[in-house]
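Observations on chain architecture
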Amino acid sequence: STHYYSNLSRPQSHIQREFAIVLLNALTRCDPLATNVIARIPYAISLLINFIEDYEIKTNELMARYGPDYVIRLTTQPSNAQHAEQILFTTGDMLKRAATCLLSIVSYADNVKMMKRYEDRILNLSISHVIDSNVGRVLTDVLHYCSLHN
């Protein structure tokens, strides 16, 4: 029933976006053909990057409003995980999945040219002080693949 879902703390669009990332992640990890098809879907790569950028924007807004200590406590203490997810609309695991989708896409030489269009955005995220270092490492790997095919 729709009444049951009306009490969710996160907007439906955020839930749908995360579900799409879970599906994309599963497809890109298990089927090279699916990875190539996904890479050719208009805006698919851009939307994956947008997902990570949205987290960065929201986190920077929280830092500006409440200070870095608040954000550090929110994102690093396991007891705050559910609260952090409600405020930031996602989790570190979901950010890593989005980054891993990008890595799966760029790991096929045919897709590197498409990914190179987004190098600046990916670089900015990979060096962001609010993006988890594990996500940053995956994004750095994406950039590495891009640099191999000039």
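Bear in mind that the values here come from a model prediction, so they are computed numbers and not experimental data.

**A closer look at the nonpolar core**
Ile45, Ile52, Leu102, Met115, Ile122 and Leu139 are the most contacted members of the largest nonpolar core, which totals 38 residues. Elements with a minimum of two residues in this core: helix H3 (32-39), helix H4 (44-66), helix H5 (68-76), helix H6 (81-88), helix H7 (92-106), helix H8 (109-116), helix H9 (119-126) and helix H10 (133-148). A total of 9 residues in this core trace back to one element, the largest contributor, which is H7. The residues contacting Ile122, other than those within four sequence positions of it, are Ile49, Met115, Leu139, Val142 and Leu143.

**Side note on the packing of aromatic side chains**
Two measures describe an aromatic ring pair: the distance that separates the ring centres and the angle between the ring planes. Under the defined criterion, the tally for this structure stands at 1 aromatic pair. Both rings, one in Tyr66 and one in Tyr70, keep their centres 5.0 Å apart while their planes meet at 50°; by these two values the pair is tilted.

**Concerning the pattern of salt bridges**
This structure, assessed with the given rule, holds 4 salt bridges. In this structure, Asp93 engages Arg97 in a salt bridge whose closest nitrogen and oxygen atoms are separated by 3.0 Å. Here the residue Asp93 and the residue Arg97 both occupy positions in helix H7, the gap between them amounting to 4 residues, near one helical turn. Overall, Arg97 belongs to the partly exposed group, its relative accessible area being 27%. The closest approach of N and O atoms between Glu119 and Lys116, which form a salt bridge, is 3.7 Å. By relative accessible area, Lys116 is classed as partly exposed at 24%.

**Points about a nonpolar patch on the surface**
On the surface, Leu33, Val37 and Ile41 cluster together into a nonpolar patch covering about 280 Å² of accessible area. Assignment of secondary structure puts Val37 in helix H3.

**Focus on the environment of Glu61**
When you line up the elements, Glu61 lands in helix H4. A relative accessible area of 47% means that Glu61 is categorised as partly exposed. Counting along the chain gives 10 residues from Glu61 to Val71, while the straight-line C-alpha distance between them is 10.0 Å.

**Some remarks on H9**
Of the positions making up H9, those classed as buried are Ile122, Leu125 and Ser126. Mapping the buried residues of H9 onto a view down its axis gives an arc of 100°, with all of them on the same face. Residues of H9 that are buried in the fold lie against H4, H8 and H10.

**Examining the confidence of the model for the protein**
The predicted model of the protein averages 87 in pLDDT, with 92% of residues at 70 or higher. Note that pLDDT drops below 50 for residues 1-8; the model gives that stretch 1 contact with residues more than four away or on any other chain.

**Describing the environment of Asp93**
For Asp93, a relative accessible area of 44% gives the class partly exposed. Measuring from C-alpha to C-alpha, the distance between Asp93 and Asp132 comes to 9.8 Å, with 39 residues separating the pair along the chain.

**Notes on the side chain of Thr28**
Following the sequence through the fold, Thr28 ends up in helix H2 (residues 12-30). Thr28 sits in the buried class, given a relative accessible area of 4%.

Conventions used here
- Residues numbered from 1 in each chain as written.
- Predicted model: local features only at pLDDT ≥ 70, side-chain atom pairs only at ≥ 80, totals over all residues.
- Heavy atoms only, no water.
- Core = buried A, V, L, I, M, F, W, Y, C linked by side-chain atoms within 4.5 Å.
- Buried < 20%, exposed > 50% of the residue type's maximum accessible area, 1.4 Å probe, protein only.
- Helix = DSSP H or I, 4+ residues; strand = E, 2+ residues; numbered from the N terminus.
- Contact = heavy atoms within 4.5 Å.
- Phe/Tyr/Trp six-rings, centres within 6.5 Å; stacked < 30°, edge-to-face > 60°.
- Salt bridge = Lys/Arg side-chain N within 4 Å of Asp/Glu carboxyl O.
- Patch = residues over 30% accessible without salt bridge, like charges linked within 9 Å, V, L, I, M, F, W, Y side chains within 5 Å.
- Areas by Shrake-Rupley, 256 points an atom, 1.4 Å probe, with all protein chains shown as cover.
- Arc of directions from axis to C-beta.
- pLDDT = per-residue confidence, 0-100.

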